[in-house]
Amino acid sequence: MDRRDIFELSLAEIESWCAERSLPRYRAQQVTSWLYQRGLRDFQEMTNVPRPLRDALVTSFTIGSLELAMLSRSSDGTQKLLFRLRDGATIESVLIPDGARLTLCVSTQVGCAMGCTFCATATLGFRRHLTRGEIVEQLLQARPPTAPKARESSVDDGDLPARITNLVFMGMGEPLHNYAGTVGAIETLTSSWGVAFSHRRITVSTVGLVPEMQRLLADTQAQLAVSLTSVDETTRRELMPITKKYSVAELLAACRALPLPRRKRITFEYVLIAAVNDRVDDARALARALAGIRCKVNLIPFNPFPGSSLRRSDDVSVARFQDVVRRAGVHATVRESRGPDIAAACGQLVAAEERRARDVASASDSGSTGGAADLATAMSS
Ligand code: SAH
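About the thresholds
Residues numbered from 1 in each chain as written. Predicted model: local features only at pLDDT ≥ 70, side-chain atom pairs only at ≥ 80, totals over all residues. Heavy atoms only, no water. Buried < 20%, exposed > 50% of the residue type's maximum accessible area, 1.4 Å probe, protein only. Helix = DSSP H or I, 4+ residues; strand = E, 2+ residues; numbered from the N terminus. Pairing = 2+ DSSP bridges. Arc of directions from axis to C-beta. Contact = heavy atoms within 4.5 Å. Phe/Tyr/Trp six-rings, centres within 6.5 Å; stacked < 30°, edge-to-face > 60°. Polar contact = N/O pair within 3.5 Å; in protein donor to acceptor, adjacent residues only side chain to side chain. Domains from an automatic or database assignment. Buried area = accessible area lost by both parts, 1.4 Å probe. Salt bridge = Lys/Arg side-chain N within 4 Å of Asp/Glu carboxyl O. Nonpolar A, V, L, I, M, F, W, Y, C, P; charged D, E, K, R; others polar.

Student: So what's going on with the pairing of strand β6 (residues 101–105)? Which residues, and what values?
Tutor: Burial runs high along β6: four of the five residues are buried. Pairing geometry for strand β5 (residues 90–98) and β6, over five bridges, is antiparallel. Looking across to β6, one finds that Pro-97 is bridged to Leu-102. The hairpin formed by β5 and β6 contains two residues between the paired strands, and Gly-99 there has a positive phi angle of roughly 60 degrees. Summarising the sheet, β6 and strand β9 (residues 166–169) pair through three bridges and their orientation is parallel. Considered in β9, the bridge of Thr-103 is made with Asn-166.

Written as structure tokens, this is what we have:
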């Protein structure tokens, strides 16, 4: 039988595994503490665990499944990690240092099914969900080494803050489409038996899957970010096809009704695309639509990628847009683009291998579909 990756299991599941072998339940916490607090990668090094249990663990489980295939460094200090998964698929995570903060951006899917026209990941289509363990392990491998006994980190920590301070689910994929993987990972990451990462420092970003947003607030205390990008129904349908399922009005009504106890505000992300959604009227409409919602707006100037004909708003339009929104009484910040030289910025993530797979598929399609696929191949090269 194939051994399971122990990162897929909750504490309760490891406890049941112990109970089935008539072992005391507290052994499970000893194991998870080695795995998540100390970062150990070898069951035999768990010195307070009896030998027979260590042997049984080795027979039943592996520790982790991600292989770091490439590490790219941006001139601004951002690092992009390319991981190869057990089935050969590849995903990317991004480490973003900013003063004392170190933010890790994790992926939740290989590809994405949402089809946003301004996002490079969408061009891959949907391949599969990441598992709970594959999401958690992105953080375990990316974090700088903590203790001398800790396993070696993949990352060159020369210039980085000592620990990851913030975690954002904003890499490849739609986290709430992969609800089980996302919430399972958050459990391991925030539990005291796991990584013990603060809920308040975890942000889940979504295109706005309404029922899952409501569930997320009930199941976790993570912060919520909603990618809005337009409040005009027609424009948003073109940019974000999910709008056909949940209209702008329905999405905003749901946001207005969300119970936001301790998390103070929702963040609305707004990608600024030249001549599409960056006019003064768009800014006014945005501020009007958000009236009465406890929120802040995060403006993200569009990051270009090969094959896209969209353009980034110029700095003057970005500043004007922010100013109009602010004057209307809505808090608005501009997200600085990080790691654009290594294609690590928002909306630029397409792991190299996945891009090749997509291009091979579109090239072999061209026999039957003719021009369109040829065009797609030409544009992506
Ligand atoms: N699927 C989730 C999380 C991944 S995208 C979501 O859509 O929220 C993370 C953020 O990057 C989103 O706000 C998205 O709108 C933004 N984004 C996508 N493509 C972009 C691009 N080309 N330039 C700038 N931001 C982009």
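Student: Before we move on, could you go through unusual backbone geometry and cite the residues and values that matter?
Tutor: Not every positive phi belongs to a glycine, and Ser-22 is a case in point at roughly 55 degrees. With respect to the secondary-structure elements, Ser-22 resides in the loop between α1 (11–20) and α2 (26–37). For Ser-22, a relative accessible area of 68% corresponds to the exposed category. In the Ramachandran plot, Ala-275 falls in the positive-phi region, its phi being about 60 degrees despite a non-glycine side chain. Looking at the secondary structure, you find Ala-275 in the loop between β12 (266–272) and α9 (280–290).

Student: Go over helix α3 (residues 51–60) with me, naming the residues and quoting the values.
Tutor: For α3, the complete set of buried residues consists of Leu-53, Arg-54, Leu-57 and Ser-60. Each buried residue of α3 sits inside an arc of 135 degrees when the element is viewed along its axis, so together they form one side. Facing away from the buried side of α3 by more than 90 degrees, the exposed set consists of Arg-51, Pro-52 and Thr-59. Buried residues in α3 make contact with β1 (4–5), α1, α2 and β2 (61–62).

Student: Lay out the packing of aromatic side chains with the relevant residues and their values.
Tutor: The full count for this structure, using the stated rule, is five aromatic pairs. Here Tyr-36 and Trp-193 contribute two aromatic rings whose centre-to-centre distance is 6.0 Å and whose plane-to-plane angle is 70 degrees, an arrangement assigned as edge-to-face. Taken together, the residues Tyr-36 in helix α2 and Trp-193 in the loop between α5 (179–190) and β10 (202–206) connect sequence positions 157 residues apart. Taking the relative accessible area as the measure of exposure, Tyr-36 reaches 1% and is therefore buried. Exposure remark for Trp-193: the relative accessible area of 8% places this residue in the buried category.

Student: Describe the side chain of Ser-205, with residues and values.
Tutor: By the element assignment, Ser-205 lies in strand β10. By relative accessible area, which is 8% here, Ser-205 ends up buried. Separated by 2.7 Å, the side chains of Ser-205 and Glu-269 make a polar contact. In contact with Ser-205, not counting residues within four places along its chain, are Phe-169, Met-170, Glu-174, Pro-175, Ala-225, Ser-227 and Glu-269.

Student: Talk me through helix α4 (residues 132–142); I want residue IDs and the actual numbers.
Tutor: Since the α-helix packs 3.6 residues into each turn, any two residues three or four apart lie on the same face. Across the 11 residues of α4, 11 count as buried, placing the element largely inside the fold. Considered for burial, the residues of α4 that qualify are Arg-132, Gly-133, Glu-134, Ile-135, Val-136, Glu-137, Gln-138, Leu-139, Leu-140, Gln-141 and Ala-142.

Student: Before we move on, can you summarise the domain arrangement of the protein chain with the specific residues and values?
Tutor: For the protein chain, the domain assignment lists domain 1 (4–62) and domain 2 (67–346). The distance between the C-alpha centroids of domain 1 and domain 2 comes to 33 Å. Counting the surface lost from both domain 1 and domain 2, the interface buries some 1500 Å², and carbon and sulfur atoms represent 49% of this. The partner of Arg-41 in a salt bridge is Glu-137, and the shortest N-O contact between them spans 3.1 Å. Across the contact surface, domain 1 and domain 2 share nine residue pairs in polar contact (both at pLDDT 80 or more). Per-element accounting of the side of domain 1 that touches domain 2 gives the leading share, six residues, to α2. Within the side of domain 1 that touches domain 2, the residues separate by chemical class into six nonpolar, seven polar and four charged.

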